[in-house]
Amino acid sequence: MSGQTKPVLHGYFRSSCSWRVRIAFALKGIEYDQVPVNLIKDGGQQLSEQFKSLNPMQQVPAVEIDGVTLSQSLAVIQYVDETRPGPRLLPTDPKKRAQVRMISDMIASGIQPLQNLHVIQKIGAEKVPWAQYFINRGFQALEPVLKQTAGVYCVGDEISMADVCLVPQVYNAERFKVDMDQYPTIKRVNEGLLELEAFSTTHPSCQPDTPADLRS
């Protein structure tokens, strides 16, 4: 694949879905270009006709790779896992692979969409309690699942797509002041992952489009 054009990630520094893709690319050692899409500026650059042609859902990320454009983070992650060398993000064991997909879907379908920017903007003044409620509701289900599946990471001792989903979701939880001490397994796994380069270098605090006041 070395002769291929580098993938292009259209994303936003604080988008958890964009961060998932950055983590997956880092884990796989994939070089890529970033095109910032500011979800706040100009009324939301994702709502432009130009971006709509890339992703009709008008959400980030959109990834141009191998001559196709993919617009859902889990689809991107699974595609690069199937087409690129490097550590497997989906285990070969069918039961573990199903557990990874289950945890990923719990986060990507059951928790994150209820506190993403578009939803929060519609909620208005009640956005913080709204986000806290749905994150806590999701984590109350995720914690006992991880108690069953986790080793060092979400499923056993190998990094997987589940971990790629977990870290950005915990970041969102902390932004909305969720008490993570309620979820010791989630907290332990997340802290271990953040020590790894693929997670720390892709963090929202150090992206090309991170505002100066949020940089670290």
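Here the residue numbering is sequential within each chain, running from 1 through the sequence in written order. Local features are withheld for residues below a pLDDT of 70 in this predicted model, meaning they are given only at 70 or higher, and side-chain atom pairs are given and counted only at 80 or more; totals for whole chains, interfaces and linings count all residues. With hydrogens and water stripped out, all remaining heavy atoms of the structure feed into the side-chain values.

### Structural notes on helix H3 (residues 73-83)
Item 1. Of all the residues in H3, the buried ones are Ser73, Leu74, Val76, Ile77, Val80 and Asp81. Here the buried residues of H3 occupy an arc of 160° about the axis, which is enough to place them on one side.
Item 2. Contact between two residues is taken to exist if any of their heavy atoms lie within 4.5 Å; hydrogens are not considered. Note on conventions: DSSP H or I runs of at least 4 residues are helices, E runs of at least 2 residues are strands, and numbering of each starts at the N terminus. Residues of H3 that are buried sit in contact with helix H1 (16-28), strand E3 (62-65), strand E4 (68-70), helix H4 (94-110) and helix H7 (161-175). Only protein chains enter the accessibility calculation, which uses a 1.4 Å probe; a residue whose area is less than 20% of its type maximum is buried, one above 50% is exposed, and one in between is partly exposed. The directions from the helix axis to the C-beta atoms are what the arc is built from.

### A look at the sheet that holds strand E1 (residues 8-11)
Item 1. Whether two strands pair comes down to DSSP finding at least two bridges between them. With mixed pairing, the 4 strands of this open sheet are ordered in space as E2-E1-E3-E4. Unpaired on one side and paired on the other, strand E2 (33-36) and E4 mark the two borders of the sheet. Strand-to-strand twist across the sheet, computed as the mean angle between neighbouring axes with direction ignored, equals 20°.
Item 2. Bridging between E1 and E2 involves 4 bridges; their strand directions are parallel. Bridge pairing in E2 links Val8 to Asp33.
Item 3. On the sheet, H1 packs against E1, E2 and E3 and is oriented at approximately 155° with respect to E1. The convention used is that axes are lines fitted to C-alpha atoms, helices contributing only their stretch in contact, and that angles between N-to-C directions extend from 0 to 180 degrees.

### A look at empty space enclosed by the protein
Item 1. Residues are said to line a cavity or pocket when one of their atoms sits within 4 Å of a point; the points come from a 1 Å grid over protein atoms alone, cavities being sets where a 1.4 Å probe fits but cannot get out and pockets being open sets with protein on both sides within 12 Å along at least five of seven lines. Grid points are joined across faces, edges and corners, and a volume is the space filled by probe spheres set on the points. Using the criterion set out here, one finds 1 cavity of 30 Å³ or more in the structure.
Item 2. Approximately 40 Å³ is the volume found for the largest cavity.
Item 3. If you go around the largest cavity, the residues you meet are Gly11, Tyr12, Phe13, Arg22, Gln34, Pro36, Pro208 and Asp209.
Item 4. Three classes are used, and their members are as follows: Ala, Val, Leu, Ile, Met, Phe, Trp, Tyr, Cys and Pro are nonpolar, Asp, Glu, Lys and Arg are charged, and the others, Gly among them, are polar. Along the lines of polarity and charge, the residues of the lining of the largest cavity split into 4 nonpolar, 2 polar and 2 charged.

### Quick notes on the packing of aromatic side chains
Pairs of aromatic rings are described using the distance from one ring centre to the other and the angle between the two planes.
Item 1. The pairing test for Phe, Tyr and Trp rings, Trp by its six-membered ring, is centres within 6.5 Å, and the orientation test on the planes gives stacked under 30 degrees, edge-to-face over 60, and tilted for anything in between. Summed over all chains, the structure comprises 6 aromatic pairs.
Item 2. Note on Trp130 and Phe134: the rings are 4.7 Å apart at their centroids and 55° apart in plane angle, and the pair reads as tilted. Linking Trp130 with Phe134, this pair stays in helix H6 (residues 127-149), spanning 4 residues, or about one helical turn.
Item 3. Both rings, one in Tyr133 and one in Phe134, keep their centres 4.8 Å apart while their planes meet at 85°; by these two values the pair is edge-to-face.
Item 4. You can call Phe134 buried: its relative accessible area is 16%.

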